[in-house]
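# Notes for the structure review
Spelled out from the first residue to the last, the chains are:
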Amino acid sequence: MEIDFTINGKATRLNIDPAMPLLWVVRDELNLKGTKFGCGKAMCGACTLHVDGEAFRSCSIPAEFVSGKSVTTLEGLSESEEHLHPIQQAWMEENVPQCGYCQPGFMMAAARLIEQYPAPTDEDIKNNITNICRCGTQPRILKAIRRAAEIKQSLKS
Ligand code: FES
Ligand code: FES
């Protein structure tokens, strides 16, 4: 089945199995390896990306779901290397990752969160981001999300 959608701002047409998980479309068909496979059961969040601005766990949605929609992966989060997304800036400032495997998913979930919560509390973050990090970087992630929200606000003023 031919599926038309936008990936990181580029119009794309793929002839694929409509039931293929979006994660494999992104990683194997489009060679965008930032989005990670963890559990494959919508539980860990490693595969989080955006569809029409909302965060989704791409291991558990079929390719046909994105027909006519706009998909953003970590590779498309910032406009350019010179204009980092506040989440990327804050992640660097707070030196968040350890092994790094879970981080793309956290960053995509966090990017959506700061759209919904311009000044998130730790409670807001914990209630809305249920991704898993086995390296224990959660305290730095909390700090980085609060910092990213500040950066985002400062860009508006
Ligand atoms: S790989 Fe998708 S939620 Fe774990
Ligand atoms: S940084 Fe290693 S799993 Fe999160």
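Residues numbered from 1 in each chain as written. Chains lettered and ligands numbered in written order. Predicted model: local features only at pLDDT ≥ 70, side-chain atom pairs only at ≥ 80, totals over all residues.

### A few points about the pairing of strand β2 (residues 10-15)
The buried fraction of β2 is low, at zero of six residues. Bridge analysis of strand β1 (residues 2-7) against β2 gives six bridges, and the strand direction is antiparallel. Residue Ile 7 lies in a different strand from β2, and its bridge partner there is Lys 10. Hairpin connection between β1 and β2: a loop of two residues separates the two successive antiparallel strands, and Asn 8 in this loop has a positive phi of roughly 50°. (Buried ≥ 20, exposed ≤ 12 C-beta atoms within 10 Å, placed from the backbone. Helix = DSSP H or I, 4+ residues; strand = E, 2+ residues; numbered from the N terminus. Pairing = 2+ DSSP bridges.)

### A few points about the domain arrangement of the protein chain
The domain boundaries assigned to the protein chain delineate domain 1 (2-76) and domain 2 (86-156). The gap between the C-alpha centroids of domain 1 and domain 2 is 21 Å. The partner domain 2 presents twelve residues to the 13 residues of domain 1 that form the contact. Put simply, the parts of the chain that give the side of domain 1 that touches domain 2 at least two residues each are β3 (48-51) and β4 (54-57). The element that contributes the greatest number of residues to the side of domain 1 that touches domain 2 is β3, accounting for three residues. Of the residues assigned to the side of domain 1 that touches domain 2, the class counts are six nonpolar, five polar and two charged. (Domains from an automatic or database assignment. Contact = placed C-beta atoms within 7 Å. Nonpolar A, V, L, I, M, F, W, Y, C, P; charged D, E, K, R; others polar.)

### A few points about the pairing of β4
Relative to β4, β3 is paired through four bridges, and the arrangement is antiparallel. Residue Leu 49 lies in a different strand from β4, and its bridge partner there is Phe 56. Turn length for the β3-β4 hairpin, with the two strands adjacent in sequence and antiparallel, is two residues, and the turn residue Asp 52 shows positive phi of about 50°.

### Quick look at the nonpolar core
Membership of the largest hydrophobic core comes to 40 residues, with the highest contact counts inside it found for Ile 87, Phe 106, Met 107, Ala 110, Ile 145 and Ala 148. Contributing elements (two or more residues each) for this core: β1, α1 (22-29), β4, α2 (86-93), α3 (103-116) and α5 (138-156). Top contributing element to this core by residue count: α3, with eight residues. Taken together, domain 1 (2-76) and domain 2 (86-156) each give at least three residues to this core, which thus spans both. The contacts of Ile 87, once residues within four sequence positions are left out, are Leu 77, Met 107, Ala 110, Ala 111 and Ala 148. (Core = buried A, V, L, I, M, F, W, Y, C linked by C-beta atoms within 7 Å.)

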